[in-house]
Amino acid sequence: MTTPETTADALPEEVVAAVRGARRVLVLSGAGMSAESGVPTFRDAQTGLWEEFDPAQLATAEAWQEDPPFVWGWYAWRMHLVRGVDPNAGHRALAELGRLREVAISTQNVDDLHERAGSDVAAHVHGSLFALRCADCGVPYAQEVDLPSEPQERLTPPECPACGGHVRPGVVWFGEMLPEADVAATESAIDALEPGDVALVVGTSGIVFPAAGYPAMARAEGATVIEINPLETDISDMCHHVVRGTAAEVLPALVAAVRDADR
Ligand code: BV8
């Protein structure tokens, strides 16, 4: 679906004014941020082999215990997918915004597209696809991993050189605690917000907790909360402004308006 190129004048003036006037911008991004790079969002039907599986069932320690090669096959395929795509214009716009305002990014995404676009990322609250570690002894696994160029339903996970256990992806599965450092970094970025600052909530359905609670925490600090999402979400009602558009269209227009105002 092609939508008309979003330009700054297509954005609500109060949204542009809020970001122009902000000293700090907290970005809370979800899978929709990477959709236009070609990475399927978490809730989109999984491709091919895993189509009939609910990702929320696959992304669990129970699924891993039951059948490590089946779960590893899914993650190795997703790692291959992410390696094969590039950051989109939305990622690049946020990297530019980071040169115009004090920007902190807390992402639910397990890809590295924000970083590859040039942003510093304060927190990956659900971990990272590429931060491999031993599922048994926890030792990080730094060796190169053969990634399949075609989806493989079952793939033997790499073996931990320290204890012989299975190597797992460094993501946070449902039922697992979020990484303390990433939670602390997110909460301190939220605490730093003051009235006049902005929280941009981009491409998340607002379903998964505790991350889904962060926009409300930002609002409680007095920040102006702006949702950028083509669809309504569980958190739309608590946002001050909603821009019904995509990350790769809205963010470049928004950042261009801020850049032009700064001149
Ligand atoms: C926790 C990594 C404490 C893995 C993910 C029972 C037992 C245990 C816990 C729970 C329980 N019941 C509930 C819970 C809490 C649970 C939870 O919230 N469940 C939900 C389903 C209700 N949370 C947890 O388990 C968390 N841990 O609570 O620990 C604890 C411990 C034990 C017992 C109790 C409590 C851990 C959750 C982390 C799960 N891991 N990812 C992997 O990737 O494989 S979650 C995963 O789904 C993503 O990371 C993301 O966070 C989440 C939701 O995905 P979104 O990013 O929002 O993407 P989604 O596809 O949903 O939506 C995309 C959005 O983008 C849409 O709105 C769409 O409109 C929009 N969009 C599309 N295209 C674009 C776009 N927007 C802009 N531009 C576009 N182009």
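Peer 1: Help me out: how do you make sense of the overall build of the protein in this one?
Peer 2: Along its length, the protein carries 10 helices and eight strands. For a compact globule of 263 residues, the expected C-alpha radius of gyration is about 18 Å, and the protein comes in at 19 Å, within 12% of that figure. Along the longest, intermediate and shortest principal axes, the C-alpha atoms of the protein span 55 × 40 × 30 Å. By residue count, 53% of the 263 residues in the protein fall in the buried class. Of all intrachain contacts in the protein linking residues separated by at least 6 positions in sequence, the fraction that spans at least 24 positions is 73%. A distance of 6 Å separates the average location of the 17 positive side-chain charges in the protein from that of its 40 negative side-chain charges.

Peer 1: Teacher, can you tell me more about the pairing of strand β2 (residues 102-107) here?
Peer 2: Across a regular strand the side chains alternate sides, sitting on one face of the sheet and then on the other. Judged from the six bridges that link them, strand β1 (residues 24-29) and β2 form a sheet pairing that is parallel. The partner of Leu28 across the bridge, within β2, is Ser106.

Peer 1: How do you make sense of the pattern of salt bridges when you look at a structure like this?
Peer 2: Within the structure shown, the criterion is met by 14 salt bridges. The residue Arg154 makes a salt bridge to Asp67 at a minimum N-O spacing of 2.5 Å. Taken together, the residues span a long stretch of sequence, with Arg154 in the loop between β4 (127-134) and β5 (167-171) and Asp67 in the loop between α4 (61-66) and α5 (68-83) at a distance of 87 residues. Note that Asp262 is salt-bridged to Arg101, the shortest N-O span being 2.8 Å. Note that Asp262 is positioned in helix α10 (residues 247-262) and Arg101 in the loop between α6 (89-100) and β2, a separation of 161 residues in sequence. On the accessibility criterion, Asp262 (39% relative accessible area) is partly exposed. One network of salt bridges, in which partners are shared, links Arg23, Arg24, Glu102, Glu194 and Asp197.

Peer 1: Explain the side chain of Arg24 to me, please; I cannot follow it from the model alone.
Peer 2: Checked against the element boundaries, Arg24 lands in strand β1. At 3.4 Å, the side chain of Arg24 and the side chain of Glu102 are in polar contact. Ignoring sequence-local partners within four residues, the contact set of Arg24 consists of Glu102, Ala192, Leu193, Glu194, Asp197 and Val198.

Peer 1: Help me understand the site of the ligand in this model?
Peer 2: Around the ligand, the structure places 35 residues, and the nearest of them are Tyr75, Arg78, Gln108, Ser205 and Phe209. In the environment of the ligand, an oxygen atom lies 2.6 Å from a nitrogen or oxygen atom belonging to the side chain of Tyr75. With respect to the ligand, the side chain of Ser205 contributes an N or O atom lying 2.6 Å from an oxygen atom. Contact with the protein chains removes 75% of the 1,400 Å² of surface that the ligand exposes when unbound. Elements with a contribution of two residues or more to the shell around the ligand: α2 (32-35) and α5. In terms of residue count, α5 provides more of the shell around the ligand than any other element does, three residues in total.

About the criteria used
Residues numbered from 1 in each chain as written. Predicted model: local features only at pLDDT ≥ 70, side-chain atom pairs only at ≥ 80, totals over all residues. Heavy atoms only, no water. Helix = DSSP H or I, 4+ residues; strand = E, 2+ residues; numbered from the N terminus. Rg over C-alpha atoms; globule rule 2.2 N^0.38 Å. Buried < 20%, exposed > 50% of the residue type's maximum accessible area, 1.4 Å probe, protein only. Contact = heavy atoms within 4.5 Å. Lys, Arg positive; Asp, Glu negative; His and termini not counted. Charge placed at Lys NZ, Arg CZ, Asp CG, Glu CD. Pairing = 2+ DSSP bridges. Salt bridge = Lys/Arg side-chain N within 4 Å of Asp/Glu carboxyl O. Polar contact = N/O pair within 3.5 Å; in protein donor to acceptor, adjacent residues only side chain to side chain. Near = heavy atom within 4 Å. Areas by Shrake-Rupley, 256 points an atom, 1.4 Å probe, with all protein chains shown as cover.

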